[in-house]
Amino acid sequence: MDLAIPYHLENYIDGALAPPSNGKFIENINPATAEVFSHTPDSDDTDIELAVSAAKKAFASWSVTPVEERFKVLNKIAELIDANLETLALAETTDNGKPLWLSKRVDIPRASSNFRFFATGILHFSTESHNMEDKVINYTLRQPVGIVGCISPWNLPLYLFTWKIAPAIAAGNCVIAKPSEVTPVTAYLLSKICIEAGLPAGVLNIVHGTGPGAGEAIVKHPAIKAISFTGSTRAGERIASLAAPKFKKLSLELGGKNPNIIFADCDWKKMMDTTLRSSFANQGQICLCGSRILVEEFIYEKFKAEFVERTQQLTVGDPMDPSSKQGAIVSKVHFEKVMKCIETAKEEGGTILCGGNAVRPEGRCANGYFIEPTIIEGLGPACNTNVEEIFGPVVTLQSFRNEEEALQLANECNYGLAATIWTQDISKANRVAAKVEAGIIWVNCWLVRDLRTPFGGMKNSGVGREGGWEALRFFTEAKNVCVEI
Ligand code: NAD
């Protein structure tokens, strides 16, 4: 299989690769070098229409294809992702700027496990039946929704793209999927893998393009019955406003501003090692990163000293270099946004404890978009810096006196995606977990993933749940059949 990155990427529609109908392309830029390395289709509603026709054709047979057959092809896709780990990881790093070791260790393996999990998941997916005193039996028939749209962001490109696509096709739907125009390459390579794996034509259609272009054409198309979206709260709001009046099923996984709550009785070493990762992994560009670090007053100064020292040791540099702990920020636009947020923090009266500057590595990355991991203190919970998502290597420190104050600070902002709690007191951990307004809570750990569990946020972090049965339920319609005996 040829997985080289071509000069022009193509859409994957009706089982074949094709350029966009309008002949327009967007430049793909390697953020570590600021160089253009390929071009992505700037597709529009004509391509979405072609994809929908292909999906309609395929749905008749795919929706009734035995689950064992669906299992085989999804599992084959997982195997091919594993077999091409090195190539996919290199493509992801070139596209996104994240360290190559991270693409290899996390992003690509998690993409193949998405396919493997839902390949087997659909074999075990069952429905309920309710018996009414032996007079009536109700049973729930779960059928594929039909044609569904999956739209994903740039931060974990193949991982989040497959997280949506795998359950959708496992459940018997046909999919129109759009990766981020900022990081399209691994999605393009996935097209080739699907062809090689023998996925029937039209079951998955990957259409590249911008949010307002191809993205909105997916959301507005009347034949597309459900939209699974991961991205910013701003885009989620727009998508909801377009899809809700059409009564489409909606799953919105949006932004976060996650609290990392550190109590004095924590396991210090484990907390410190993990907090470095949860703050700065992937340059802080994971929706689940803890960006507001709340530390019990009693240990605040000790925490600050060690955390700043350890952060200063994180090497920022060429993502291809195994010693780089931090790679490039995904794009020039995002780099400028993060730098502006750091300026705002200063204007708000924040103190930069470390970082705060752009980095210019020597050699091939001299023009890339790199930022030092940055720690800020001295800002109250209502400041812009503590309220708005930055989505970069920037965290703030705040201290709290007791459990009640920790919860008040944690719940102060309008996001509610994830939270991390550090304490050795199991009762306190459970009390706080129950009261923190977030959909995902980690106690004494971070980013541990069990694919069977529900995943999603509260408040401005979105609606709906992905993961495990929740995803298979989202991608099926429940029909109740009531039978009188
Ligand atoms: P984004 O909202 O700009 O784009 C996400 C995707 O939506 C892209 O494919 C984009 O082209 C498309 N899009 C944008 N506007 C659209 C529109 N009007 N209609 C249809 N599609 C549209 O987000 P981003 O900058 O790519 O990603 C970063 C954001 O994603 C952050 O806010 C981050 O927190 C969030 N995120 C959330 C989760 C989660 O699970 N909750 C996971 C990862 C990232």
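In case you missed it, the structure is sitting above this.
Residues numbered from 1 in each chain as written. Predicted model: local features only at pLDDT ≥ 70, side-chain atom pairs only at ≥ 80, totals over all residues. Heavy atoms only, no water.

A. Expanded view of helix 11 (residues 332-347). Between the first and last C-alpha of helix 11 there are 23 Å, a value that for 16 residues agrees with the 22 Å anticipated at 1.5 Å per step. Within the sequence span of helix 11, burial applies to His334, Phe335, Val338, Met339, Cys341, Ile342 and Ala345. The arc enclosing the buried residues of helix 11, seen along the axis, measures out at 150°, which places them on a common side. Of the residues in helix 11, the exposed ones pointing more than 90 degrees away from the buried face are Val333, Lys340 and Glu347. (Helix = DSSP H or I, 4+ residues; strand = E, 2+ residues; numbered from the N terminus. Expected span 1.5 Å × (residues − 1). Buried < 20%, exposed > 50% of the residue type's maximum accessible area, 1.4 Å probe, protein only. Arc of directions from axis to C-beta.)

B. Here's a closer look at the packing of aromatic side chains. The final tally for this structure, using the stated rule, is 12 aromatic pairs. Taking the centre distance of 4.9 Å and the plane angle of 90° together, the rings of Phe117 and Phe118 count as edge-to-face. Accessibility expressed as a relative area gives 0% for Phe118, which makes it buried. A centroid spacing of 5.3 Å and a plane angle of 65° characterise the contact between Trp154 and Phe391, whose relative ring orientation is edge-to-face. Residue Trp154 is found in the loop between strand 7 (147-151) and helix 5 (157-170), and its partner Phe391 is found in the loop between helix 12 (384-387) and strand 18 (394-400); the two are separated by 237 residues along the sequence. Take Trp154 and Phe391: they sit in the same class, and that class is buried. (Phe/Tyr/Trp six-rings, centres within 6.5 Å; stacked < 30°, edge-to-face > 60°.)

C. Layout of the site of the ligand. Lys178, Glu181, Ser232, Leu254 and Glu389 are the nearest of the 31 residues found near the ligand. Gly211 places a polar main-chain atom, nitrogen or oxygen, 3.2 Å from an oxygen atom of the ligand. The backbone of Gly231 places a nitrogen or oxygen atom 3.3 Å from an oxygen atom of the ligand. Elements represented by at least two residues in the shell around the ligand include exactly helix 7 (211-220), strand 10 (224-230) and helix 8 (233-243). The biggest single contributor to the shell around the ligand is helix 8, with four residues. A class-by-class count of the residues in the shell around the ligand yields 13 nonpolar, 11 polar and seven charged. Residue-level mapping places the shell around the ligand at the junction of two domains, with at least three residues from each of domain 1 (11-254 + 461-484) and domain 2 (259-453). (Near = heavy atom within 4 Å. Polar contact = N/O pair within 3.5 Å; in protein donor to acceptor, adjacent residues only side chain to side chain. Nonpolar A, V, L, I, M, F, W, Y, C, P; charged D, E, K, R; others polar. Domains from an automatic or database assignment.)

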